[in-house]
Amino acid sequence: MKRKITGKPRTPTRIGDITTDFTNEQLAAIGAVAMQYNETEAWIEGLFFETTRIPDAIRLEVSTRINGIEGKIEIVKHGLRQLVADDAVVAEAGSALGDGGFMGLKRHRDAVIHANVLNAPLGIGLRVDRRAARYEVLLTVPALKQLQTGLQSVSVDLMALMNLAIHARVLSEADPSDPERAQYSANLATWSARFLSRRSRTRSLPPPPQFPSESEILASHHAFFRDNREAILRWLQQYLDLIKP
(Lines give C-alpha, C1' and ligand atoms only; values in the text may rest on other atoms or scores of the structure.)
Protein backbone atom coordinates (compact mmCIF):
# COMPACT_ATOMS: atom_id res chain seq x y z
CA MET A 1 0.00 0.00 0.00
CA LYS A 2 2.96 2.37 0.48
CA ARG A 3 6.65 2.39 -0.31
CA LYS A 4 9.43 4.77 0.61
CA ILE A 5 10.76 7.20 -2.00
CA THR A 6 14.54 7.24 -2.03
CA GLY A 7 15.28 9.17 -5.23
CA LYS A 8 14.33 12.60 -6.47
CA PRO A 9 10.65 13.63 -6.10
CA ARG A 10 8.44 12.80 -9.08
CA THR A 11 6.65 15.51 -11.02
CA PRO A 12 2.94 15.27 -10.08
CA THR A 13 0.71 13.78 -12.77
CA ARG A 14 -2.64 15.40 -12.08
CA ILE A 15 -5.05 18.12 -13.15
CA GLY A 16 -5.47 19.58 -9.68
CA ASP A 17 -9.20 19.01 -9.14
CA ILE A 18 -9.69 16.05 -6.80
CA THR A 19 -13.09 15.19 -8.28
CA THR A 20 -11.49 15.01 -11.72
CA ASP A 21 -8.25 13.32 -10.75
CA PHE A 22 -10.03 10.56 -8.80
CA THR A 23 -13.11 8.56 -9.70
CA ASN A 24 -16.16 8.50 -7.47
CA GLU A 25 -15.37 4.86 -6.72
CA GLN A 26 -11.89 5.80 -5.50
CA LEU A 27 -13.22 8.60 -3.31
CA ALA A 28 -15.87 6.27 -1.86
CA ALA A 29 -13.21 3.63 -1.16
CA ILE A 30 -11.07 6.18 0.67
CA GLY A 31 -14.08 7.10 2.81
CA ALA A 32 -14.77 3.43 3.48
CA VAL A 33 -11.18 2.93 4.67
CA ALA A 34 -11.51 5.92 7.01
CA MET A 35 -14.78 4.70 8.52
CA GLN A 36 -13.66 1.07 8.81
CA TYR A 37 -10.56 2.21 10.67
CA ASN A 38 -12.77 4.05 13.19
CA GLU A 39 -14.86 0.93 13.72
CA THR A 40 -11.74 -1.18 14.25
CA GLU A 41 -10.20 1.33 16.65
CA ALA A 42 -13.40 1.21 18.74
CA TRP A 43 -12.53 -2.40 19.70
CA ILE A 44 -9.19 -1.14 21.05
CA GLU A 45 -11.15 1.23 23.26
CA GLY A 46 -13.35 -1.64 24.44
CA LEU A 47 -10.32 -3.78 25.25
CA PHE A 48 -8.73 -0.85 27.09
CA PHE A 49 -11.78 -0.50 29.32
CA GLU A 50 -12.09 -4.25 29.87
CA THR A 51 -8.45 -4.79 30.82
CA THR A 52 -8.19 -1.70 33.06
CA ARG A 53 -11.67 -1.89 34.63
CA ILE A 54 -11.82 1.88 34.90
CA PRO A 55 -15.17 2.94 36.48
CA ASP A 56 -17.80 3.96 33.92
CA ALA A 57 -18.06 7.48 35.31
CA ILE A 58 -14.46 8.36 34.40
CA ARG A 59 -13.72 6.02 31.48
CA LEU A 60 -13.73 8.68 28.78
CA GLU A 61 -11.97 11.17 31.03
CA VAL A 62 -9.05 8.75 31.34
CA SER A 63 -9.14 7.40 27.78
CA THR A 64 -9.14 10.78 26.06
CA ARG A 65 -6.16 11.98 28.09
CA ILE A 66 -3.83 9.22 26.94
CA ASN A 67 -1.65 10.52 24.13
CA GLY A 68 -2.17 8.24 21.13
CA ILE A 69 -3.60 4.80 20.45
CA GLU A 70 -0.13 3.25 20.86
CA GLY A 71 -0.19 3.94 24.61
CA LYS A 72 -3.60 2.30 24.98
CA ILE A 73 -2.42 -0.76 23.06
CA GLU A 74 0.56 -1.22 25.39
CA ILE A 75 -1.77 -0.98 28.39
CA VAL A 76 -4.14 -3.53 26.80
CA LYS A 77 -1.27 -5.96 26.13
CA HIS A 78 -0.10 -5.64 29.73
CA GLY A 79 -3.64 -6.23 30.98
CA LEU A 80 -4.08 -9.30 28.79
CA ARG A 81 -0.85 -10.79 30.13
CA GLN A 82 -2.32 -10.53 33.63
CA LEU A 83 -5.62 -12.12 32.60
CA VAL A 84 -4.65 -14.84 30.12
CA ALA A 85 -2.38 -17.74 31.02
CA ASP A 86 -2.14 -19.16 27.48
CA ASP A 87 1.15 -17.92 26.00
CA ALA A 88 0.05 -18.64 22.43
CA VAL A 89 -3.06 -16.51 22.87
CA VAL A 90 -1.08 -13.68 24.47
CA ALA A 91 1.45 -13.73 21.62
CA GLU A 92 -1.28 -13.75 18.99
CA ALA A 93 -3.07 -10.92 20.78
CA GLY A 94 0.13 -8.90 20.57
CA SER A 95 0.29 -9.59 16.84
CA ALA A 96 -3.37 -8.63 16.31
CA LEU A 97 -2.80 -5.35 18.12
CA GLY A 98 0.65 -4.67 16.66
CA ASP A 99 2.45 -4.76 13.34
CA GLY A 100 0.78 -8.00 12.28
CA GLY A 101 -2.66 -6.45 12.69
CA PHE A 102 -4.04 -3.12 13.80
CA MET A 103 -0.88 -1.01 13.98
CA GLY A 104 0.43 -2.30 10.67
CA LEU A 105 -2.86 -1.44 8.95
CA LYS A 106 -3.04 1.89 10.78
CA ARG A 107 0.17 3.01 9.08
CA HIS A 108 -1.35 2.25 5.68
CA ARG A 109 -4.58 4.00 6.66
CA ASP A 110 -2.63 7.05 7.80
CA ALA A 111 -0.80 7.11 4.48
CA VAL A 112 -4.09 6.97 2.56
CA ILE A 113 -5.85 9.63 4.62
CA HIS A 114 -2.91 12.07 4.52
CA ALA A 115 -1.86 11.54 0.91
CA ASN A 116 -1.87 14.08 -1.90
CA VAL A 117 -2.42 13.07 -5.51
CA LEU A 118 0.89 12.22 -7.15
CA ASN A 119 -0.08 10.19 -10.22
CA ALA A 120 -3.81 10.37 -10.90
CA PRO A 121 -4.06 7.90 -13.83
CA LEU A 122 -2.31 5.14 -11.88
CA GLY A 123 -3.87 5.97 -8.50
CA ILE A 124 -0.66 6.85 -6.66
CA GLY A 125 -0.52 9.37 -3.83
CA LEU A 126 2.29 11.09 -1.94
CA ARG A 127 2.57 10.94 1.84
CA VAL A 128 5.16 13.14 3.56
CA ASP A 129 5.83 11.76 7.02
CA ARG A 130 7.99 12.72 9.98
CA ARG A 131 11.67 13.56 9.46
CA ALA A 132 11.03 14.34 5.80
CA ALA A 133 10.29 10.71 4.94
CA ARG A 134 8.37 10.48 1.65
CA TYR A 135 6.18 7.59 0.57
CA GLU A 136 4.24 6.66 -2.51
CA VAL A 137 0.77 5.40 -1.58
CA LEU A 138 -1.32 3.08 -3.73
CA LEU A 139 -4.80 4.58 -4.03
CA THR A 140 -6.35 2.29 -6.62
CA VAL A 141 -9.78 0.85 -5.89
CA PRO A 142 -8.45 -2.75 -5.48
CA ALA A 143 -5.76 -1.57 -3.05
CA LEU A 144 -8.21 0.52 -1.03
CA LYS A 145 -10.78 -2.28 -0.89
CA GLN A 146 -8.12 -4.70 0.27
CA LEU A 147 -7.07 -2.30 3.02
CA GLN A 148 -10.69 -2.00 4.14
CA THR A 149 -11.01 -5.79 4.10
CA GLY A 150 -7.88 -6.12 6.25
CA LEU A 151 -9.20 -3.59 8.77
CA GLN A 152 -12.56 -5.35 8.83
CA SER A 153 -10.92 -8.73 9.42
CA VAL A 154 -8.79 -7.35 12.27
CA SER A 155 -11.93 -5.78 13.71
CA VAL A 156 -13.50 -9.24 13.96
CA ASP A 157 -10.25 -10.56 15.48
CA LEU A 158 -10.44 -7.89 18.18
CA MET A 159 -14.11 -8.63 18.81
CA ALA A 160 -13.14 -12.25 19.51
CA LEU A 161 -10.28 -11.03 21.70
CA MET A 162 -12.72 -8.83 23.60
CA ASN A 163 -14.97 -11.83 24.35
CA LEU A 164 -11.90 -13.84 25.34
CA ALA A 165 -10.88 -11.09 27.78
CA ILE A 166 -14.36 -10.94 29.28
CA HIS A 167 -14.42 -14.70 29.92
CA ALA A 168 -10.86 -14.61 31.28
CA ARG A 169 -11.98 -11.90 33.70
CA VAL A 170 -15.01 -13.94 34.81
CA LEU A 171 -12.81 -16.99 35.45
CA SER A 172 -10.17 -14.99 37.34
CA GLU A 173 -12.78 -13.46 39.64
CA ALA A 174 -14.74 -16.67 40.26
CA ASP A 175 -14.58 -18.22 43.72
CA PRO A 176 -12.65 -21.56 43.74
CA SER A 177 -15.78 -23.24 45.13
CA ASP A 178 -18.08 -21.82 42.45
CA PRO A 179 -19.87 -24.78 40.81
CA GLU A 180 -19.86 -22.88 37.48
CA ARG A 181 -16.08 -22.56 37.44
CA ALA A 182 -15.64 -25.50 35.04
CA GLN A 183 -18.08 -23.86 32.64
CA TYR A 184 -16.22 -20.55 32.88
CA SER A 185 -13.01 -22.36 31.98
CA ALA A 186 -14.71 -24.09 29.04
CA ASN A 187 -16.08 -20.75 27.79
CA LEU A 188 -12.60 -19.24 27.93
CA ALA A 189 -11.16 -22.20 25.99
CA THR A 190 -13.89 -21.78 23.35
CA TRP A 191 -13.14 -18.10 22.82
CA SER A 192 -9.41 -18.73 22.83
CA ALA A 193 -9.89 -21.23 20.00
CA ARG A 194 -12.17 -18.83 18.12
CA PHE A 195 -9.67 -16.02 18.45
CA LEU A 196 -6.78 -18.13 17.17
CA SER A 197 -8.95 -19.37 14.29
CA ARG A 198 -9.89 -15.80 13.41
CA ARG A 199 -6.24 -14.78 13.35
CA SER A 200 -5.48 -17.63 10.95
CA ARG A 201 -8.12 -16.23 8.58
CA THR A 202 -6.68 -12.74 8.76
CA ARG A 203 -3.17 -14.03 8.13
CA SER A 204 -4.42 -15.87 5.03
CA LEU A 205 -5.69 -12.70 3.31
CA PRO A 206 -3.99 -12.10 -0.06
CA PRO A 207 -1.00 -9.76 -0.23
CA PRO A 208 -1.59 -6.15 -1.28
CA PRO A 209 -1.47 -5.24 -4.99
CA GLN A 210 1.89 -4.28 -6.43
CA PHE A 211 2.88 -0.77 -7.49
CA PRO A 212 3.19 -0.12 -11.23
CA SER A 213 6.65 -0.48 -12.71
CA GLU A 214 8.88 2.54 -13.33
CA SER A 215 8.28 2.26 -17.07
CA GLU A 216 4.49 2.28 -16.52
CA ILE A 217 4.73 5.34 -14.27
CA LEU A 218 6.86 7.22 -16.80
CA ALA A 219 4.58 6.28 -19.70
CA SER A 220 1.45 7.36 -17.82
CA HIS A 221 3.07 10.70 -16.98
CA HIS A 222 3.84 11.53 -20.61
CA ALA A 223 0.46 10.29 -21.87
CA PHE A 224 -1.43 12.24 -19.22
CA PHE A 225 0.11 15.60 -20.06
CA ARG A 226 -0.26 14.92 -23.76
CA ASP A 227 -3.97 14.10 -23.45
CA ASN A 228 -5.01 16.54 -20.71
CA ARG A 229 -3.16 19.73 -21.59
CA GLU A 230 -6.33 21.80 -22.09
CA ALA A 231 -7.96 20.55 -18.88
CA ILE A 232 -4.83 21.37 -16.88
CA LEU A 233 -4.67 24.88 -18.35
CA ARG A 234 -8.38 25.44 -17.59
CA TRP A 235 -7.92 24.40 -13.97
CA LEU A 236 -4.84 26.62 -13.64
CA GLN A 237 -6.75 29.59 -15.03
CA GLN A 238 -9.60 29.00 -12.56
CA TYR A 239 -7.06 28.95 -9.75
CA LEU A 240 -5.45 32.18 -10.95
CA ASP A 241 -8.90 33.83 -11.17
CA LEU A 242 -9.63 32.83 -7.59
CA ILE A 243 -6.51 34.44 -6.19
CA LYS A 244 -6.77 37.68 -8.13
CA PRO A 245 -6.84 40.70 -5.78
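Every value quoted in this text rests on a predicted model; they were computed, and no experiment measured them.

J.: Teacher, can you tell me more about the sheet that holds strand 4 (residues 134-138) here?
T.: Two pairing modes exist for strands in a sheet, parallel and antiparallel, and in both the strands are linked by backbone hydrogen bonds. The sheet built from 4 strands is open, its strands ordered 1-4-3-2 with antiparallel pairing. On the outer flanks of this sheet lie strand 1 (2-4) and strand 2 (116-119), each paired with one strand and no other. This sheet shows a mean twist of 35° between the axes of neighbouring strands, independent of strand direction. Of the pairings in the sheet, the one linking strand 2 to strand 3 (residues 124-128) comprises 3 bridges and is antiparallel in character. Its bridge partner being in strand 3, V117 is matched across the sheet by G125.

J.: For this particular structure, what's the right way to read a nonpolar patch on the surface?
T.: On the surface, a nonpolar cluster with roughly 490 Å² of combined accessible area is contributed by L233, L236, L240, L242 and I243. Secondary-structure assignment places I243 in the segment after helix 10 (229-242).

J.: Just to check I follow, could you spell out the packing of helix 6 (residues 102-113) against helix 7 (residues 141-173) for this structure?
T.: How two helices sit against one another is set out by the angle between their axes and by the gap between those axes. Relative to each other, helix 6 and helix 7 sit at 145°, their axes nearing to 10 Å. Considering only the axes of helix 6 and helix 7, their crossing is left-handed. Packed against helix 6, whose contacting residues are F102, L105, H108, R109 and V112, the element helix 7 presents L144, L147, G150, L151 and V154 at the interface. When grouped by side-chain class, the residues that make up the contact of helix 6 with helix 7 number 7 nonpolar, 2 polar and 1 charged.

J.: It is not clear to me how helix 4 (residues 69-83) should be interpreted in this structure. Could you clarify?
T.: Note on helix geometry: an α-helix contains 3.6 residues per turn, so any two residues three or four positions apart are oriented the same way. For helix 4, with 15 residues, the first-to-last C-alpha span of 21 Å sits near the 21 Å given by 1.5 Å per residue. Residues I69, K72, I73, V76, K77, G79, L80 and L83 constitute the buried set of helix 4. Viewed end-on, helix 4 has its buried residues packed into an arc of 165°, placing them on one side of the element. Along its buried surface, helix 4 packs onto helix 2 (24-52), helix 3 (59-63), helix 5 (87-97), helix 6 and helix 7.

J.: Looking at this structure, I do not really get the pairing of strand 3. What am I missing?
T.: For a regular strand, the rule is simple: side chains alternate between the two faces of the sheet. Where strand 2 folds back on strand 3, the antiparallel hairpin that results is connected by 4 residues, among which G123 adopts a positive phi of roughly 70°. Strand direction decides the pairing type here: strand 3 and strand 4, joined by 5 bridges, are antiparallel. When the bridges of strand 4 are listed, I124 appears paired with L138. Between strand 3 and strand 4, which pair antiparallel and follow one another directly, the connecting turn spans 5 residues, one of which, R131, has a positive phi of 55°.

J.: Explain the pattern of salt bridges here, please?
T.: When their charged atoms lie close together, side chains carrying opposite charge are able to pair. This structure, assessed with the given rule, holds 21 salt bridges. For K106, the salt bridge is made with D110, and the minimal N-O distance between the two is 2.9 Å. Placement of the pair is K106 and D110 together in helix 6, with a separation of 4 residues, close to one helical turn. Each member of the pair, K106 together with D110, is buried. Linked by salt bridges that have partners in common, E92, D157, R198, R199 and R203 make up one network.

Thresholds applied
- Residues numbered from 1 in each chain as written.
- Predicted model: local features only at pLDDT ≥ 70, side-chain atom pairs only at ≥ 80, totals over all residues.
- Heavy atoms only, no water.
- Pairing = 2+ DSSP bridges.
- Helix = DSSP H or I, 4+ residues; strand = E, 2+ residues; numbered from the N terminus.
- Axes fitted to C-alpha atoms, helices over the stretch in contact; angles between N-to-C directions.
- Patch = residues over 30% accessible without salt bridge, like charges linked within 9 Å, V, L, I, M, F, W, Y side chains within 5 Å.
- Areas by Shrake-Rupley, 256 points an atom, 1.4 Å probe, with all protein chains shown as cover.
- Salt bridge = Lys/Arg side-chain N within 4 Å of Asp/Glu carboxyl O.
- Left-handed = near helix turned anticlockwise from the far one by under 90°.
- Contact = heavy atoms within 4.5 Å.
- Nonpolar A, V, L, I, M, F, W, Y, C, P; charged D, E, K, R; others polar.
- Expected span 1.5 Å × (residues − 1).
- Buried < 20%, exposed > 50% of the residue type's maximum accessible area, 1.4 Å probe, protein only.
- Arc of directions from axis to C-beta.

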